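Each chain, letter by letter, is given below.
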Amino acid sequence: MDVTGGAYHRPDRQTVQELSDIANKLRVHSIQSTSAAKSGHPTSCCSAAEIMSVLFFHVMKYRLDKPKDPASDRFVMSKGHAAPILYAAWAEAGLFPVDNLLTLRQNTSVLEGHPTPRLNFIDVGTGSLGQGLSIACGMAYSGKYWEKADYRTYCLVGDGESAEGSIWEACAFASYYKLDNLVAIFDVNRLGQSQEAPLQHDTDAFRRRLEGFGWHVYVLEDGHSVEDLCKAFFGAAQVKDMPTAIVAKTLKGKGIPGIEDELNWHGKALGDKAAAALEAISARIVNKGPHGLKPSAPSGELPARNITNIQLSSPPDYPLGEKVAPRVAYGVGLRKIGDSNECVVAMDGDTKNSTYADTFRKAHPNRFVECFIAEQNLVGVAIGTTCRDRNVAFVSTFACFLSRAFDQIRMGAISETNTNFCGSHCGISIGEDGASQMALEDLAMFRSIPGSTVFYPSDAVSMERAVELAANTKGICFIRSSRPAMPVLYTAEEPFVIGKAKVVRESADDKVTVIGAGVTLDEAMKAYEILAKEGIKVRIIDPFTIKPLDKDTILAAAKATGGKVVTVEDHYPQGGIGEAVAGALAGNSGIIIRSLAVGEVPRSGSKDFLLDHFGISAKQIQETVKAMLA
């Protein structure tokens, strides 16, 4: 194995022995904790024991008194089912008592079956496989290009999860951006959950693939060799302008008699075989007492970054009635908060000239990341950049394409991320592009995310304010961005609050409440004018946020209009505005709701044709109001 650059100094014999001893202690802890829990993945832990020992006690620089110190190296356990050995490494380092490991998976324990940031030493939740490397890319990108810091990022990847396409999206990203501060360790232990992994122990196939993606690769035919691991990690630190992969050939269940390298032991505690396993592994530990290895501290400190009270650099500036596409205002709002705070960063999936994220890129090119057409990696990178409260990230692409990354977004909520998403080209109002480009399930998707906030701005002013509010809101935020130009409804001074709707038309004689957003609010306003000429008064509500929904304003309007409510949305009926309103008004007697939505898979056509054809135009609103009154 060649080492690139620098002079390698082999660890002394005592250090090698201590690292080997720690590896076996980590195995012991993993078996004991999973045995106490009667569940878990001890064999997956055992294959990574030497990797974890060398990383945590020889390579990585971090502080025990401040596990999320911004200057410390990062570690992502992408194969999150090996959580017990991660917990064991931190316990052996001295962060918390080793005895606490025996609470693994218990109801009252913070040591869950897979890592989550409920623990002060975990940056992101993992366990849905194939996602950790993208997040590590985001961490490494932030460190190299924005913070210009010397911390390094390490990601442990299972060979089974490398079948996920998101792993290779991340590999392409890391190579393109020359992330030489990133090291991915592939734990090639040959065995998956139900059968052998696709490449089994073909380490040369891993090498060829990774080199094809532009990575510097070290292949360790004995991934349990402490000396080989030390040398490879040293070499990785010398590599410039390329990410490094260490392909470590390991054995699942290493050290466990009768179980090592055997199928059908994935995700199983050892049961009555635990005692013999512990005896065999413990016999290999030379130094039974406390080890003398301590983690190295980071070389310096990084200043805190202010990600609070982010404001537009200037108020929205649009004449009332002027037609402006909300997606255009998204770019303006994003640029403005970027003007006022250098922690605001943005990324896109090669749609920046359609989402108008390009407006931000032109103003702040060093804080914009093009992630290309790889939406799963796009989301993972964004989540990685926000870790340790270092950045406020905005992700944009067509809203329909975010569905491809739903699992990454779902895991982002588990990771307690504050990443913001803007999905443009929503609904049939985009027109001729056709059904594949029309987001009609995005509201349902983001409403289902725990702790999420879902904005649906209906004009340029509310769009800019949505961007500003999202930047200051905890949890995942989604902004639904419309393509058509729509009239400006609000002045620059209009206040916007999450969970507070706007009543844009009302009178004492209103007979029906009509609720719309985006293009359907525009259609509702047209219907209002037509109905008014016929002597029929209706109340028009712009919800602004679909989650949380302003129940009080909507309920008051419903009661004031005789319990008659019409919802109209450029979305499928399931999970959209209609169901949100119905849920909010449930339990109140005397209320009748008519929901207008896109009821089938749409087709290409002009915006006006499609709105009418699928029943959400001003004409259908008018007819529905009259039918309710009849």
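Rules and cut-offs
- Residues numbered from 1 in each chain as written.
- Predicted model: local features only at pLDDT ≥ 70, side-chain atom pairs only at ≥ 80, totals over all residues.
- Heavy atoms only, no water.
- Helix = DSSP H or I, 4+ residues; strand = E, 2+ residues; numbered from the N terminus.
- Expected span 1.5 Å × (residues − 1).
- Buried < 20%, exposed > 50% of the residue type's maximum accessible area, 1.4 Å probe, protein only.
- Contact = heavy atoms within 4.5 Å.
- Polar contact = N/O pair within 3.5 Å; in protein donor to acceptor, adjacent residues only side chain to side chain.
- Salt bridge = Lys/Arg side-chain N within 4 Å of Asp/Glu carboxyl O.
- Right-handed = clockwise from strand over helix to strand, strands pointing away.
- Pairing = 2+ DSSP bridges.
- Axes fitted to C-alpha atoms, helices over the stretch in contact; angles between N-to-C directions.
- Disulfide = S-S within 2.5 Å.
- Phe/Tyr/Trp six-rings, centres within 6.5 Å; stacked < 30°, edge-to-face > 60°.
- Lys NZ or Arg CZ within 6 Å of the ring centre and 35° of its normal.
- Parallel < 35°, antiparallel > 145°, perpendicular 65-115°, else oblique.
- Left-handed = near helix turned anticlockwise from the far one by under 90°.
- Nonpolar A, V, L, I, M, F, W, Y, C, P; charged D, E, K, R; others polar.
- UniProt positions renumbered as here; feature names shortened; annotations may be inferred.

S.K.: Summarise helix α16 (residues 460–471); cite the residues concerned and give the values.
M.R.: End to end, α16 covers 17 Å across 12 residues, agreeing with the expected 16 Å (1.5 Å per residue, within 8%). Listed as buried for α16 are Ala 460, Val 461, Ser 462, Met 463, Glu 464, Arg 465, Ala 466, Val 467, Glu 468, Ala 470 and Ala 471. If you follow the buried residues of α16, they end up packed against β6 (323–324), α10 (326–340), β9 (392–398), β10 (420–424), β11 (453–455) and β12 (477–480). For α16, the N-terminal capping position is held by Asp 459, with its side-chain oxygen 3.3 Å away from the main-chain nitrogen of Val 461.

S.K.: How would you explain the pattern of salt bridges if you had to name every residue and give the values?
M.R.: Throughout the structure, instances matching the rule amount to 32 salt bridges. The partner of Glu 50 in a salt bridge is Arg 27, with the nearest N and O atoms 2.7 Å apart. With Glu 50 in helix α3 (residues 49–59) and Arg 27 in helix α1 (residues 13–37), the pair connects residues that are 23 residues apart, well separated along the chain. Taking the relative accessible area as the measure of exposure, Glu 50 reaches 7% and is therefore buried. Here the salt bridges share partners, and the residues they tie into one network are Asp 204, Arg 207, Arg 208 and Glu 211.

S.K.: Describe the pairing of strand β15 (residues 512–516), listing the residues and the values that go with them.
M.R.: The buried count for β15 comes to five of five residues, which makes it a mostly enclosed element. Across the two faces of β15 the burial is the same, with Val 512, Val 514 and Gly 516 and Thr 513 and Ile 515 all buried. One crossover worth recording links β15 to the parallel strand β16 (residues 538–542) by way of helix α17 (residues 519–533), and it is right-handed. Two elements, β15 and strand β18 (residues 564–568), share four bridges in a ladder whose sense is parallel. Each residue of the ladder has a partner; that of Gly 516, found in β18, is Val 568.

S.K.: Any details on helix α4 (residues 83–93)? Residues and values, ideally.
M.R.: The buried fraction of α4 is high, at 11 of 11 residues. Of all the residues in α4, the buried ones are Ala 83, Pro 84, Ile 85, Leu 86, Tyr 87, Ala 88, Ala 89, Trp 90, Ala 91, Glu 92 and Ala 93. Where α4 is buried, its residues contact α1, α2 (42–47), α3 and β1 (74–77). Following α4 by one or two positions, Gly 94 has its phi on the positive side, about 110°.

S.K.: I'd like a rundown of the sheet that holds strand β7 (residues 344–348), residues and numbers included.
M.R.: Across the sheet, seven strands lie side by side as β8-β7-β9-β10-β12-β11-β17; this open sheet has mixed pairing. Single-partner strands in this sheet number two, and they are β8 (368–370) and β17 (545–547). Neighbour-to-neighbour, the strand axes of the sheet open up by a mean angle of 20°, direction not taken into account. Where β10 lies against β12, four bridges are found, and the strand directions are parallel. Residue Phe 421 lies in a different strand from β12, and its bridge partner there is Phe 478. On top of the sheet, helix α13 (residues 375–386) reaches β7, β9 and β10; it is set at about 170° to β9, its chief contact.

S.K.: Lay out the state of the cysteines in plain terms, naming residues and giving numbers.
M.R.: Applying the stated criterion across every chain, the model contains zero disulfides. With no disulfide of its own, Cys 137 has Cys 171 as its nearest cysteine by sulfur position, at a separation of 7.5 Å. Assessed through its relative accessible area of 0%, Cys 137 is described here as buried. Its sulfur unpaired, Cys 477 is 12 Å from the next cysteine sulfur, which belongs to Cys 422.

S.K.: Quick one: what's the story with the packing of aromatic side chains, residue by residue and with numbers?
M.R.: In the structure shown here, the tally under the stated rule is 24 aromatic pairs. With 5.3 Å between their ring centres and 35° between their planes, Trp 168 and Phe 213 make a pair best called tilted. In this pair, Trp 168 sits in helix α6 (residues 165–176) while Phe 213 sits in the loop between α7 (203–212) and β4 (216–220), placing the two residues 45 residues apart along the sequence. Taking relative accessible area as the criterion, Trp 168 reaches 14% and is therefore assigned buried. With a centroid separation of 5.7 Å and an interplanar angle of 45°, the aromatic rings of Phe 421 and Phe 446 are classed as tilted. Of this pair, Phe 421 sits in strand β10 while Phe 446 sits in helix α15 (residues 442–447), placing them 25 residues apart in sequence. Pair check on accessibility: Phe 421 and Phe 446 agree, each one buried. Aromatic ring contacts, followed pair by pair, group Phe 56, Tyr 62, Phe 75, Tyr 87, Trp 90, Phe 96 and Phe 121 into a single cluster. Taking NZ or CZ as reference, Arg 505 lies 5.8 Å from the ring centre of Tyr 528, over its face.

S.K.: Explain the pairing of β1 to me, and be specific about the residues and the numbers.
M.R.: Within a regular strand, the side chains alternate between the two sheet faces. Because side chains alternate across β1, one face comprises the buried residues Arg 74 and Val 76, and the other comprises Phe 75 and Met 77, equally buried. Sheet analysis places β1 next to strand β2 (residues 153–158), joined by four bridges and oriented parallel. The partner of Arg 74 across the bridge, within β2, is Thr 153.

S.K.: Mind laying out the packing of α1 against α4, listing which residues take part and the relevant values?
M.R.: Running from amino to carboxyl end, α1 crosses α4 at an angle of 120°, the nearest separation of the two axes being 9 Å. With respect to each other, α1 and α4 are oriented oblique. Crossing of α1 over α4 shows right-handed handedness. Across from Lys 25, Leu 26, His 29, Ser 30, Ser 33 and Thr 34 in α1, the residues of α4 making contact are Pro 84, Ile 85, Ala 88, Ala 89 and Glu 92. Class assignment of the residues belonging to the contact of α1 with α4 gives a composition of five nonpolar, four polar and two charged.

S.K.: Requested: an account of the UniProt feature "domain: Transketolase-like pyrimidine-binding" (unreviewed entry) in the chain, with residues and values cited.
M.R.: Within this numbering scheme, the UniProt entry marks residues 324–488 as carrying the feature "domain: Transketolase-like pyrimidine-binding" (unreviewed entry). With 39% helix and 18% strand, the stretch residues 324–488 has end C-alpha atoms that lie 7 Å from each other.

S.K.: Help me get a handle on the sheet that holds strand β19 (residues 592–596), residues and values and all.
M.R.: Strand pairing in a sheet takes place through backbone hydrogen bonds and is either antiparallel or parallel in direction. Sheet architecture is open: five strands sit in the order β14-β16-β15-β18-β19, paired in mixed fashion. Across the chains shown, the open sheet's two edge strands, defined by having one partner strand only, are β14 (502–505) and β19. Averaged over all pairs of adjacent strands, the angle between strand axes in this sheet comes to 25°, irrespective of strand direction. Of the strands in this sheet, β14, β15, β16 and β18 touch α17, which is tilted by about 165° from β16. Contacts between helix α19 (residues 577–585) and the sheet are confined to β15, β18 and β19, with β18 contributing the most and set at about 150° to the helix.

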